[in-house]
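# Topology and contacts: notes
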Amino acid sequence: MNLISILKIGTVLAALYALGALARMLVQTGRRGLEPTFAVGLGSETKGIAYAFFKGMLPSEKESVRKHWPTFVGGILYHTGLFAAFIYLGLQIAQTEIWPTALLLIQIIMVLGFVSGVVLLLKRLVFRKMRIISTMDDFVANVLVNLFLASAISNTIWPTILSVYLVVTMLLLLYVPMGKIRHCVFFFCTRTIFGRLFGRRGVLPHPAREKMAGFR
Amino acid sequence: MTKNSDEYADRVDQSTDQKLAVGLRAFRERIDYTMAASLNACIHCGLCAESCHYYLATGDPITQPAYKVALVQAVFKRYHTMTGGTLPALTGARAFDTTLVREWIDSLFGNCSMCARCTLSCTVGLHIPRIVRAGRSTIAAMGLVPPELQSTVDAAVQTGNNMGIPKAEWLETVEWLDEELRNELGQGESYLPIDQEQAEMLYAVNPREVKFFPLSLMAAARIFRAAGASWTFSADYFDVTNYGLFSGDDVAARLISGRLAESMKRLKCRTLVLGECGHGYAANRWEAPEWHRQTPEFAVKSIVELIADYLKEGRITLDPSKFAKRVTLHDPCNLVRMGGVIEEQRFVLRHAVADFVEMFPNRENNYCCGGGGGQLSMTRYAKRRLAAGRIKADQIRATGAKVVVAPCHNCIDQLGELNKEYHLGVEVKTLAEIVAEALVVRP
């Protein structure tokens, strides 16, 4: 077995560890018990949850997105780049050949993601408002993801550095459950909680306006 | 610093290990699914900052919601996560000590009105007031709630209402107002019935109305009479407020809300109508069933919803020409963003006044006036409260309105102070007062 094969197995094991640790955290969180809801609802939880994941994330609905559109766009590019890098990783591990056009697209997405990651890191370093709410974890997580993207991009150009790409990936995957990157699963919990809360109370997605249509 | 606040600061500084352990236990009890998920999800993106009126008014980064969350998150990480316990420096985990308790009090009580505007702006959708309240609950378990807020809760627990109004005074006030209305509108049935069994509705009000704003009680009575409503006050418990919501004391909150339920049961009423009080609505409509772990056997409505119903059903008629001044509407956070009563007051105002203009932003995106979260009672933070209120003052000024309607007595007090502080030159009124003025009295 050569070094690359060992690193590939290591990467898969690291991914399984990350997934297992995240699943364990989710189970532990779930065991703490969901908030009871005895109050009679005014609106729909289902509509609220749908709103929370789709319309409620858009600039038209969310003031913070409107006020920080470069960060919003940067965040989207950063996450999209990350997903692209993981897809590329999967293809590398499976030794699947990638069509040149698809590879170019993946490269562009990953480069945009990397640039966004660096800009977000600089933003965190430069602004006092950001520094005061940042912990070492915020920087470590960002640097690891940026390294992951950089090594993925490099590997598309110089396939010989696959071993570096795999080592960086392992480090990132081992770090995932330790720090803020765990939001990759808790995000879905909190957006659901948000949707349930405001949906149930008849606040979002503006059902009150529908309800009052008869008054107009 | 007053003598009392010095004593309070000393009490905080002298928190023993035992007391800190009590706090930590209370904090642990707060960590349910919602809290754990939220405290694991915050990514410190800072996008919530500009949603907060404290941050907008001061520009001080310690006032941004993410900072408040981070303070609570630090304790969560230290005691409830493996990485935080083993590598605190990496995650920002902190020991729960006197220094942190001081920071919690200053930040969670002194820099937050629990208005939830930040929640709408949050990337991951954190229920930030809930996180702040968990922190406040921890402080409450340690007996370290700022004394002015605690005394408001204590007054409600000990006397049945947050201003400590004796029953005799309450009954005398109702009798006096009834007499006034009889003199003005004619004799007959009581305008302000009290302890009337099997009335359709029990009406709960803010004790400030009894003490300082009796006109708003008379306004409600006029509206109920015009609509031919069957209603009553309770001789025992009339207080719609519940400062346990703000102090974080669930035991007190449960006791206070339970009293209104007791009165409902004793008088065999079917609907609990809540006076114009934002947090009273959130507490009694949304939180009380969770505190009691029981769906109430009666309906709970705001008087704002009720007036809209009366208009819709044609039970009252309004003449908007009676109110020609330009009117704008303030959306109380706990009634609107956290309550879901959003369009009713607008519908009523469109029928009650000739010139109604919206503030911007409005509805669930409104800015807090600064009076929520128990801020009005915590006089030690009054300067901050008034400074943070500048955002609301600017909103009001931009409308050119001469009258601001606020269906919440806490908001009315704060808006009254902002009116003086920022020379707005407006009148501040309740919705019922406006409606009572526009009422077309049928012969």
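Counting starts from 1 at the beginning of each chain's written sequence and moves along it residue by residue. Chains carry letters and ligands carry numbers; both start at the beginning, A for chains and 1 for ligands, and go up in the order they are written. With the structure being a predicted model, the display of local features is reserved for residues of pLDDT at least 70 and the display and counting of side-chain atom pairs for 80 or more, all residues being used for whole-chain, interface and lining totals.

### What to know about the overall build of chain B
A helix here means a DSSP run of H or I that spans at least four residues, while a strand means a run of E at least two residues long, and both kinds are numbered starting from the N terminus. Counting its secondary structure elements, chain B contains 23 helices and eight strands. Here the globule rule is a power law, 2.2 Å times the number of residues to the power 0.38, and the radius of gyration is based on C-alpha atoms. Radius of gyration (C-alpha) of chain B: 22 Å, near the 22 Å computed for a compact globule of 443 residues. Projecting the C-alpha coordinates of chain B onto the three principal axes gives extents of approximately 75 × 45 × 40 Å. In this scheme every C-beta is placed from the backbone, and a residue whose C-beta has 20 or more other C-beta atoms within 10 Å is buried, one with 12 or fewer is exposed, and one in between is partly exposed. When the 443 residues of chain B are sorted by exposure, 58% land in the buried category. C-beta atoms are placed from the backbone for every residue, and two residues are taken to be in contact when these atoms lie within 7 Å. In chain B, the share of contacts with a sequence separation of at least 24, taken over all contacts with a separation of at least 6, comes to 80%.

### Describing the pairing of strand 5 (residues 326-329) of chain B
Residue and element names in this part refer to chain B. Being paired, for any two strands, means DSSP has found at least two bridges between them. The pairing of strand 5 with strand 6 (residues 355-357) spans three bridges and is parallel. Within the sheet, the bridge partner assigned to Val-327 lies in strand 6 and is Phe-356. Looking down the strands as they point away from you, a crossover is right-handed if its path from the first strand over the helix to the second goes clockwise. Regarding the hand of the β-α-β motif, the stretch spanning strand 5, helix 19 (residues 344-352) and strand 6 is right-handed.

### Side note on the sheet that holds strand 5 of chain B
All names here are of chain B. Spatially, 6-5-7-8 is the arrangement adopted by the four strands of the open sheet, whose pairing is parallel. The strands lining the two open edges of the sheet, one partner per strand, are strand 6 and strand 8 (427-429). The average angle at which neighbouring strand axes cross in this sheet is 30°, direction not considered. Only C-alpha atoms enter the line fits that serve as axes; for helices the fit covers just the stretch in contact. Angles between N-to-C directions range over 0 to 180 degrees.

### Quick look at the sheet that holds strand 2 (residues 231-232) of chain B
Residue and element names in this part refer to chain B. Pairing in this open sheet of four strands is parallel, and the strands run 2-1-3-4 from one edge to the other. The open sheet terminates on both sides in strands that have one partner only, identified here as strand 2 and strand 4 (299-302). In this structure, strand 1 (residues 201-204) lies alongside strand 2, joined through two bridges in parallel fashion. Its bridge partner being in strand 2, Leu-202 is matched across the sheet by Thr-232. Across the sheet, helix 18 (residues 303-312) is in contact with strand 3 (271-274) and strand 4; its angle to strand 4 comes to roughly 85°.

### A closer look at the nonpolar core
Residue and element names in this part refer to chain B. Within the largest apolar cluster, 161 residues are counted, with the highest numbers of intra-cluster contacts made by Ile-223, Ile-307 and Val-435. For this core, the leading source of residues is helix 5 (residues 65-80), giving nine residues. When near neighbours in sequence (up to four residues on either side) are disregarded, Val-435 contacts Ile-223, Ile-307, Leu-318, Val-348 and Ala-352. Put simply, a nonpolar core is a cluster of buried Ala, Val, Leu, Ile, Met, Phe, Trp, Tyr and Cys residues tied together by C-beta atoms within 7 Å.

### Some remarks on the confidence of the model for chain B
Looking at chain B, pLDDT values average 96 and 99% of them are 70 or higher. Two numbers describe this predicted complex: its pTM, 0.95, and its ipTM, 0.95. Per-residue confidence from the predictor is reported as pLDDT, a score between 0 and 100.

### Regarding the interface of chain B and chain A
Every contact between the two is made by 52 residues of chain B and, on the other side, 51 residues of chain A. Counting residues per element, the ones that place at least two in the side of chain B that touches chain A are helix 3 (33-41), helix 5, helix 7 (88-91), helix 17 (278-292), helix 18 and helix 19 of chain B. Ranked by residues supplied to the side of chain B that touches chain A, first place goes to helix 3 of chain B with seven residues. Under this grouping Gly is polar, as are all residues other than the nonpolar Ala, Val, Leu, Ile, Met, Phe, Trp, Tyr, Cys and Pro and the charged Asp, Glu, Lys and Arg. The residue makeup of the side of chain B that touches chain A, split by class, is 24 nonpolar, 18 polar and ten charged.

### Quick look at the packing of helix 4 (residues 69-93) of chain A against helix 5 (residues 100-126) of chain A
Residue and element names in this part refer to chain A. Contact geometry of helix 4 with helix 5 gives a least axis separation of 7 Å together with a crossing angle of 130°. Here helix 5 runs oblique to helix 4, going by the angle between their axes. Regarding helix 4 and helix 5, the two cross each other, and that crossing is left-handed. Note on element contacts: helix 5 touches helix 4 through Ile-106, Ile-109, Met-110, Leu-112, Gly-113, Phe-114, Ser-116, Gly-117, Val-119 and Leu-120, opposite Gly-74, Leu-77, Tyr-78, Thr-80, Gly-81, Leu-82, Ala-84, Ala-85, Ile-87 and Tyr-88. A breakdown of the residues in the contact of helix 4 with helix 5 according to their chemical character gives 14 nonpolar, six polar and no charged. Should an angle fall under 35 degrees it is called roughly parallel, over 145 degrees roughly antiparallel, and 65 to 115 degrees roughly perpendicular, with every other angle called oblique. The handedness criterion is simple: a crossing whose near helix is rotated anticlockwise from the far helix by less than a right angle is left-handed, and one whose near helix is rotated clockwise is right-handed.

### Let's talk about the environment of Gly-56 of chain A
All names here are of chain A. Within the secondary structure layout, Gly-56 lies in the loop between helix 2 (45-53) and helix 3 (63-67). Of the residues examined, Gly-56 has 21 C-beta atoms within 10 Å and is grouped as buried. Residues Gly-56 and Lys-180, 124 residues apart in the sequence, show an inter-C-alpha distance of 23 Å. Those residues in contact with Gly-56 that sit more than four places away from it in its chain are Tyr-51, Glu-61, Lys-62 and Leu-204.

### Side note on the environment of Ile-132 of chain A
Its place among the elements puts Ile-132 of chain A in the loop between helix 6 (128-131) and helix 7 (136-157). Spatially, the C-alpha atoms of Ile-132 of chain A and Leu-103 of chain A are 40 Å apart, while their sequence positions differ by 29 residues. The residues contacting Ile-132 of chain A, other than those within four sequence positions of it, are Pro-61, Ile-62 and Tyr-67 of chain B.

### Topic: the environment of Val-327 of chain B
Residue and element names in this part refer to chain B. Tracing the backbone shows Val-327 in strand 5. Accessibility expressed as a C-beta count within 10 Å gives 24 for Val-327, which makes it buried. For the pair Val-327 and Ala-401, spaced 74 residues apart in sequence, the C-alpha to C-alpha distance is 5.2 Å.

### Looking at the packing of helix 2 of chain A against helix 9 (residues 183-200) of chain A
Residues and elements named next belong to chain A. One way to put it is that helix 2 packs onto helix 9 with a least axis distance of 7 Å and a crossing angle of 135°. Taken as axis vectors, helix 2 and helix 9 run oblique relative to one another. In terms of crossing hand, the pair formed by helix 2 and helix 9 is right-handed. Where helix 2 abuts helix 9, its residues Glu-45, Thr-46, Lys-47, Gly-48, Ile-49, Tyr-51, Ala-52 and Phe-53 lie against Arg-191, Thr-192, Phe-194, Gly-195, Arg-196, Phe-198, Gly-199 and Arg-200. Looking at the contact of helix 2 with helix 9, its residues break down into six nonpolar, five polar and five charged.

### Thoughts on the domain arrangement of chain B
Residues and elements named next belong to chain B. Here the limits of each domain have been adopted from an automatic or database domain assignment. According to the domain assignment, chain B consists of domain 1 (3-144), domain 2 (152-311) and domain 3 (313-438). Of note, the centres of domain 1 and domain 2, computed from C-alpha atoms alone, are 33 Å apart. Between domain 1 and domain 2, the residue contacts involve six residues of the former and five residues of the latter.

### Here's the deal with helix 12 (residues 167-185) of chain B
In a regular helix each residue adds 1.5 Å, so 19 residues correspond to 27 Å; helix 12 of chain B covers 27 Å between its end C-alpha atoms and thus fits that length. In the segment just after helix 12 of chain B, Gly-186 of chain B is the residue with positive phi, at about 110°. In a helix, the anticipated span is given by 1.5 Å times the number of residues less one.

### Side note on helix 3 of chain B
Most of helix 3 of chain B is tucked away, with eight of its nine residues classed as buried. Buried residues in helix 3 of chain B make contact with helix 1 (3-31) and helix 9 of chain A together with helix 2 (17-30), helix 5 and helix 10 (128-141) of chain B.

### Some thoughts on unusual backbone geometry
In the segment running from Leu-204 of chain A into Pro-205 of chain A, the intervening peptide bond is cis, with an omega of 0°. Within the fold, Pro-205 of chain A resides in the loop between helix 9 and helix 10 (207-211). Phi is positive for His-44 of chain B, which is not a glycine, with a value near 55°. Tracing the backbone through its elements, the reader meets His-44 of chain B in the loop between helix 3 and helix 4 (53-58). Note on His-44 of chain B: 20 C-beta atoms within 10 Å, which makes it buried. Here Gln-198 of chain B, not a glycine, exhibits a phi torsion of approximately 60°, which is positive. Position of Gln-198 of chain B among the secondary structure elements: in the loop between helix 12 and strand 1.

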